[in-house]
Amino acid sequence: MSLLRRLRTVLRIYEEIGVAPYRREILRAQARQRDAFMVATMADALGVPSPVELYTLELLPYLMEDFHAWHRRAGLERAPEGGWRCC
Amino acid sequence: MSSIVLLIAGLSAFVTGYLLYSRYIARHVYRLDPDFVTPAHRFEDGVDYVPTNKHVLFGHHFTSVAGAAPIVGPAIAVIWGWLPAFLWVVLGTIFAGAVHDFGALWLSARNRGQSIGTLTQGVIGSRARTLFLLIIFFLLLMVNAVFAVIIANLFIANPGAIFPIWMAMPTALAVGLLVYRTPAGILVPSVVALVLLYVYIWIGQYIQPQLPDFFGFAPSAAQIQAAAGDPVAAAAAATTDGIRAGWVIIMLLYGLLASTLPVWLLLQPRDYINSHQLFVALGVIGLGVLVTNPPVVAPAISDHLPADAPGWFPLLFITIACGAISGFHGLVASGTTSKQLDRETDARFVGYGGMMGEGSLALVSILATTAGFAVYAGLEGWQAHYSSFASASAGGVNAFVSGVGVLAEGIGIPHDVAVIFAAVVVISFAATTMDTGVRLQRYIIEELGSQYRIQPLQNGLFASIVAVAAVGVLALGIDRGAGGMRIWPLFGTTNQLTGALTLLVITIVLLSLKRNFWITAVPMVFLFFMTTWAMIDQLGRHFGNQWMLFGFGAAVFVLELWLILEAVTAVRRALKGGGPTSLDPDAEKVVYDVTGTR
């Protein structure tokens, strides 16, 4: 490996040491916000009656992928019962 | 004695320990398997479970475990001379601390990245988990109190650090907002903040405010006695108490505010800056020693021990906690690092190697105080600074800061700027630890509140106020804060107990797997023996004159006896074959494509 490439690798590692934990915290904060949104819009999927389910139902196709990630984060290996499953 | 010789001797011992001892452990005891599917791959989620390059992970682990404590402990412990401190740091790191960190990382990675607390429950029992929570609670209480006092003392001795420290806060907040709310990226704002910090440090030599004395304490009987009839000196000592109390309260308010803010807003930008400060500080001190090669002026073994100083045996082993072995590292290793381990074989470099970094920090702390500071103050000045155990405890960090100033001067950095830089490094580390510490204390109080159905304690803000108030009572309760550093040995003991508990868990697993358990059992027994002895010594000293310290000491002592009983029971059960016999039974051993998954 040439000296320049080696130096570049060292710099990249150094940069990543500082940036990666930072990125993780931001992803965590974003996940928290998304979870709050998910609870607000997908309450009926969890068995909690939602007064706005007619409207949030329209969001379902867009949220399907996020829903899977969310229930996994919440500690549920499989999607909770709710008339529809994502996995 | 030349300080280069000491530095090279210490570092060579670390390298030898890494090359030989850790290889033996990795191959024959922990039996690291490059094909084992680590939790980072099994549960990859992009947030907590992320397979990470081992050099990057080393950086994360090292910057998380390194802080003010490995600097403070050795800076106090050199009161007994440099040799006992040097030997304990070097041998403790190689045979106890690094084995402990490496083991915690390995065991957690083999158990789906579970934390030491959960592992304790699984391996020893649920009673041990309660014990673990109690030990952590005391550890946090003491670390917050001690660090508040350390910061207050540093602000009083180095007013030049006040401007950079308080200017760094809004700068970090601005970076936090920029990174989170705008598409500015992380790197550029963080680097700008780092550069700004050095500008603040440079300005700090010209702006040196001092906090007014809000309390106006009357001189205490001890201060009048120490001043030997000089009322001005006694009044000055009382004024210092007032200023210190003011700073402690300000730092507690900071802890209260900082711990309730989102992590990305203040803590994370500060952590970014701190991790760079750590590497810069290590570089400056190391280069300073190599260029100036100051003689180690302080004695190898002090023959002028002050009357109030306890003997180095066994107190040395709890005064230097983090620089030789630290239970806190087990929390980091099993909490975040184990979830990012790319391959199990990386655990040796990250866990064992990370502790070598921590040991190096303790080593440079010894050099800065016994060579750097001692050259600056002269042998008599050094002996005057370390004239009593109380003054060594309160002034050890200042000796370090001043010593860094001398070493940095050798590589062309102006002395005043270097002193402010060193003070800023220690204060930043201590302040971010306080931020995390108060945050964790709040979680524990909230958990206790929900467990025992005490409604107010479940409120986050109220729980934080309770945490901070308890810290305040502890920090200011001993001679109005002047004796705050007397908590240090108690902190050291609690920290070592956490380490002993982790070693116990690893020992029982090794015992059950019929592997060489002596590598963890010997340091564990050593720690139990030394901490028990030191605690009995401490309790005898505090009995009758410091009831609060006695009370805390007694509580820690009870935890210690409890832990020993748990250890005996658990080991007996494991010997009868009742311990865990396999690690992570549901983890399938899959040979995965090493190039494809990373």
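Each remark here, short or long, concerns the structure printed above.
Residues numbered from 1 in each chain as written. Chains lettered and ligands numbered in written order. Predicted model: local features only at pLDDT ≥ 70, side-chain atom pairs only at ≥ 80, totals over all residues. Heavy atoms only, no water.

Engineer: Mind showing me how you'd approach the overall build of chain A here?
Structural biologist: Counting its secondary structure elements, chain A contains 3 helices and 0 strands. In chain A, the succession of α and β elements from N to C terminus is α-α-α. Looking at chain A as a whole, 30% of its 87 residues are labelled buried. Considering only intrachain contacts with a sequence separation of at least 6, the fraction spanning at least 24 residues in chain A is 37%. Surface exposure of chain A reaches about 6,200 Å², of which carbon and sulfur atoms provide 60%. (Helix = DSSP H or I, 4+ residues; strand = E, 2+ residues; numbered from the N terminus. Buried < 20%, exposed > 50% of the residue type's maximum accessible area, 1.4 Å probe, protein only. Contact = heavy atoms within 4.5 Å. Areas by Shrake-Rupley, 256 points an atom, 1.4 Å probe, with all protein chains shown as cover.)

Engineer: What's the story with the layout of surface pockets in this structure? I'm lost.
Structural biologist: With a probe scaled to a water molecule rolled over the atoms, the places where space remains empty come into view. Residues and elements named next belong to chain B. One number sums up the size of the second largest pocket: a volume of about 810 Å³. Lining the second largest pocket are 28 residues; nearest its centre among them are Ala390, Ser391, Ala482, Gly483 and Arg486. Mapped onto the lining of the second largest pocket, the elements with two or more residues apiece are helix H7 (126-157), helix H11 (231-260), helix H16 (389-409) and helix H20 (518-542). Top element by residues in the lining of the second largest pocket is H16. It accounts for 7 residues. (1 Å grid on protein atoms, 1.4 Å probe; cavity = no way out; pocket = protein on both sides within 12 Å on 5 of 7 lines; lining within 4 Å. Points joined across faces, edges and corners; volume = space filled by probe spheres on them.)

Engineer: Explanation requested: a nonpolar patch on the surface in the structure shown.
Structural biologist: All names here are of chain B. Taken together, the side chains of Val188, Val191, Val192, Val195, Leu196 and Val199 define a hydrophobic patch exposed on the protein surface, amounting to about 460 Å² of accessible area. Following the sequence through the fold, Val199 ends up in helix H9 (residues 187-204). Its relative accessible area of 38% is what places Val199 among the partly exposed residues. (Patch = residues over 30% accessible without salt bridge, like charges linked within 9 Å, V, L, I, M, F, W, Y side chains within 5 Å. Salt bridge = Lys/Arg side-chain N within 4 Å of Asp/Glu carboxyl O.)

Engineer: Help me understand the packing of aromatic side chains, please; the structure alone is not making it clear to me.
Structural biologist: Aromatic rings considered in pairs are described by the distance between their centres and by the relative angle of their planes. Residues and elements named next belong to chain B. Within the structure shown, the criterion is met by 35 aromatic pairs over all chains. Look at Phe313 and Trp533: their rings are 5.3 Å apart centre to centre, the planes differ by 80°, and that puts the pair in the edge-to-face class. Taken together, the residues span a long stretch of sequence, with Phe313 in helix H13 (residues 312-319) and Trp533 in helix H20 at a distance of 220 residues. Residue Trp533 is classed as partly exposed on the basis of its relative accessible area of 38%. What links up through ring pairs into an aromatic cluster is the set Trp88, Trp312, Phe313, Phe317, Phe526, Phe529 and Trp533. (Phe/Tyr/Trp six-rings, centres within 6.5 Å; stacked < 30°, edge-to-face > 60°.)

Engineer: What am I meant to see in the nonpolar core here?
Structural biologist: Generally speaking, nonpolar side chains in soluble globular proteins are found buried as a group. With 196 residues, the main nonpolar core has B:Tyr30, B:Phe147 and B:Trp488 as its most contacted residues. The greatest single-element share of this core, amounting to 21 residues, is contributed by H7(B). Among the nonpolar cores identified, the runner-up in size contains 6 residues, and A:Met42, A:Ala45, A:Leu63 and A:Phe67 belong to it. (Core = buried A, V, L, I, M, F, W, Y, C linked by side-chain atoms within 4.5 Å.)

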